[in-house]
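Coordinates in review
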Amino acid sequence: MYYAIVSEDVENSLPLRRQARPDHIARLEALKSEGRLLLAGPFPAVDAEDPGEAGFHGSLVVAEFDSLEAARQWAEADPYVAAGVYRQVTVRPFKAVLP
């Protein structure tokens, strides 16, 4: 089943994001190579493809896991969590309908 992992950043998270990004992306690439990643990306802090120094407000990951608990464990182990990027992470079951 798919799960949506919605994360909200702390204020001024951009320097923390930059530091932890390579490890964060590596975990997402692993999900992708396993065929479990539906989509992933950040929420820009401003209405722009590249928000520059405005940074981001959070992130969304939708991926397949064996259970809600497995999705929560994966989310808790995110390098952005360890680096203090996120102030809150919510994990919910997700049903893909379209496309």
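The preceding data block contains the structure.
To keep things clear, this report deals only with the structure shown in the data block. (Residues numbered from 1 in each chain as written. Predicted model: local features only at pLDDT ≥ 70, side-chain atom pairs only at ≥ 80, totals over all residues. Heavy atoms only, no water.)

What follows deals with the sheet that holds strand S1 (residues 2-9). What holds strands together in a sheet is hydrogen bonding between their backbones, with the strands either parallel or antiparallel. Taken in spatial order, the 4 strands of this open sheet run S2-S3-S1-S4, and their pairing is antiparallel. The sheet terminates laterally at strand S2 (37-44) and strand S4 (86-94), the two strands that pair on one side only. Averaged over all neighbouring strand pairs, the angle between strand axes comes to 10°, with direction disregarded. Where S1 lies against S4, 8 bridges are found, and the strand directions are antiparallel. Pairing of Glu8 across the sheet is with Gln88, part of S4. Sheet strands touched by helix H1 (residues 14-33): S1, S2, strand S3 (56-64) and S4. Its angle to S3, the strand with the most contacts, is close to 10°. (Pairing = 2+ DSSP bridges. Helix = DSSP H or I, 4+ residues; strand = E, 2+ residues; numbered from the N terminus. Axes fitted to C-alpha atoms, helices over the stretch in contact; angles between N-to-C directions. Contact = heavy atoms within 4.5 Å.)

Taken residue by residue, a regular strand's side chains alternate between the two faces of the sheet. Where S1 meets S3, 7 bridges bridge the pair, whose relative direction is antiparallel. If you follow Tyr3 over to S3, its bridge partner there is Ala63.

For the rest of this paragraph, the subject is a nonpolar patch on the surface. A cluster of nonpolar side chains, Leu38, Leu39 and Phe94, forms an exposed patch at the surface whose accessible area comes to about 230 Å². Residue placement: Leu38 occurs in strand S2. (Patch = residues over 30% accessible without salt bridge, like charges linked within 9 Å, V, L, I, M, F, W, Y side chains within 5 Å. Areas by Shrake-Rupley, 256 points an atom, 1.4 Å probe, with all protein chains shown as cover. Salt bridge = Lys/Arg side-chain N within 4 Å of Asp/Glu carboxyl O.)

For the rest of this paragraph, the subject is helix H2 (residues 68-76). Among the residues of H2, those classed as buried are Ala71, Trp74 and Ala75. With its buried residues spanning 100° around the axis, H2 presents them on a single face. For H2, the secondary structure elements touched by its buried residues are S1, H1, S3, helix H3 (79-82) and S4. (Buried < 20%, exposed > 50% of the residue type's maximum accessible area, 1.4 Å probe, protein only. Arc of directions from axis to C-beta.)

Here we come to the side chain of Asp9. Its location among the elements puts Asp9 in strand S1. Given the relative accessible area of 7%, Asp9 is considered buried. Polar contacts involving the side chain of Asp9 include one to the side chain of Ser13, which spans 2.6 Å. One polar contact links Asp9 to Arg17, side chain to side chain, over a distance of 2.7 Å. Apart from residues lying up to four places away in sequence, Asp9 is in contact with Arg17, Phe56, His57, Gly58, Val85, Tyr86 and Arg87. (Polar contact = N/O pair within 3.5 Å; in protein donor to acceptor, adjacent residues only side chain to side chain.)

Pairing between S2 and S3: 7 bridges, direction antiparallel. Looking at the pairing, Leu37 lines up with Ala63 of S3.

Positionally, Phe65 belongs in the loop between S3 and H2. With a relative accessible area of 4%, Phe65 lands in the buried category. Along the sequence, Phe65 and Asp78 sit 13 residues apart, while their C-alpha atoms lie 15 Å from each other. Setting aside residues no more than four positions away along its own chain, Phe65 makes contact with Met1, Tyr3, Ile5, Leu31, Arg36, Ala70, Ala71 and Trp74.

Such coordinate-based values are descriptive only and should not be taken to indicate function.
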